Amino acid sequence: MSDTLALDGTYRDPLWGVTVVLTPLERELLRSWWVRRLQFVAHAGAAAAVTTQSYSRLEHSLGVLALTAHVAPDDHAARAGALLHDVGHLPLSHTFEGLGGLDHHELGRHRRAELRPVLDRHGVVPVEPRRPGLMTLDHLDSYARSARVRGRAVAPAELLAGCSRLDGAVACSPATAEALSALVVDEAWSQSSPANVVATGLVRDWSAAVLDEPGVPAMTDDEFWTLLLTHPVTGAEVAEFRRDPGAWTVVEHPAPGAVLHRTTRLYVDPPEVDGTPWRITGELPPVPAERWIVRR
């Protein structure tokens, strides 16, 4: 167990084994609602209801902070960016991203603007170092943390020893790059698994009925589930799903009454080795892909 309040001024990340001595700004940000709210938003989104991947966006954000502080301890702009990079997420993370024009990047910009007085008081402008198409510390934490809860053998200390940040991308040795490649492929198949497709597809379908309700983008997961459960259009079916999600399954072809789920993107950004993107090896799920969710 690690203390996400950092009451003693430190945070020890249980995955990476890195202890971060928090700055006064970071301690203040941890008490702000937009950061604290992430404790109540599952990193895996709707899939948290049917898998063991139930850790929060705050746990992940603190993991990215730990990685950033490890490779660039004096880069306070990047450290603040790590802690704030997910504040724009909707309830259930990416589950209904894009519906109704909702975009967590745009929401994040507004929420960071609300925190501007805190940032200005400490003289820090947060940045998120990244290079398009390459693995970042954000991705690194996601792959390793997800793999751990899925029972994959992960040696975080060895991964960390073989990695560094290079101009916004993760640079690493060939051996570490190959290990990360395996995690990338495993994550892609997990995102395409029937359990993930059922939960994500159904919740996206139900979300369309409630997006006009006040305050949806700022809700926590529990508030959003309550909205779905109490809404006259979605309530009965959502309650049935929570009692017995196995009542639905995935088929490859259209069927009467089926809910269509489209997979349009996989997160397969590679690390860099000697200045060159590493080639992700291993078979990946097809993208784009269409599958249908039906009752058994």
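In short, a report on the structure. (Residues numbered from 1 in each chain as written. Predicted model: local features only at pLDDT ≥ 70, side-chain atom pairs only at ≥ 80, totals over all residues. Heavy atoms only, no water.)

**Observations concerning the overall build of the protein**
Moving on, step 1. Scanning the protein for helices and strands turns up 12 helices and nine strands.
Moving on, step 2. Here the protein has a C-alpha radius of gyration of 19 Å; the compact-globule value for 296 residues is 19 Å, and the two agree.
Moving on, step 3. Along the longest, intermediate and shortest principal axes, the C-alpha atoms of the protein span 55 × 45 × 35 Å.
Moving on, step 4. Residues classed as buried in the protein amount to 52% of the 296 residues present.
Moving on, step 5. Approximately 13600 Å² of the protein is accessible, and the part contributed by carbon and sulfur atoms is 55%. (Helix = DSSP H or I, 4+ residues; strand = E, 2+ residues; numbered from the N terminus. Rg over C-alpha atoms; globule rule 2.2 N^0.38 Å. Buried < 20%, exposed > 50% of the residue type's maximum accessible area, 1.4 Å probe, protein only. Areas by Shrake-Rupley, 256 points an atom, 1.4 Å probe, with all protein chains shown as cover.)

**Concerning the sheet that holds strand 5 (residues 248-251)**
Moving on, step 1. Strand order in this open sheet of three strands is 5-9-6, and the pairing throughout is antiparallel. Looking at strand neighbours, the two that pair on one side only are strand 5 and strand 6 (259-263), the edges of this open sheet. Each neighbouring strand pair of the sheet contributes to a mean axis angle of 30 degrees, computed without reference to strand direction.
Moving on, step 2. Across four bridges, the pairing between strand 5 and strand 9 (residues 289-295) is antiparallel. Looking at the pairing, Thr249 lines up with Val294 of strand 9. (Pairing = 2+ DSSP bridges. Axes fitted to C-alpha atoms, helices over the stretch in contact; angles between N-to-C directions.)

**What to know about the pattern of salt bridges**
Moving on, step 1. Summed over the entire model, instances satisfying the criterion amount to 18 salt bridges.
Moving on, step 2. For the salt bridge of Arg57 with Asp86, the shortest nitrogen-to-oxygen distance reads 2.8 Å. Linking Arg57 in helix 3 (residues 57-71) with Asp86 in the loop between helix 4 (76-84) and helix 5 (104-114), this pair joins segments that are 29 residues apart in sequence.
Moving on, step 3. Between Asp186 and Arg152 there is a salt bridge whose closest N-O contact spans 3.8 Å. Of this pair, Asp186 sits in helix 9 (residues 174-191) while Arg152 sits in the loop between helix 7 (137-149) and helix 8 (156-161), and the two are 34 residues apart along the sequence.
Moving on, step 4. Among the residues examined, Arg152 registers a relative accessible area of 34% and is labelled partly exposed. (Salt bridge = Lys/Arg side-chain N within 4 Å of Asp/Glu carboxyl O.)

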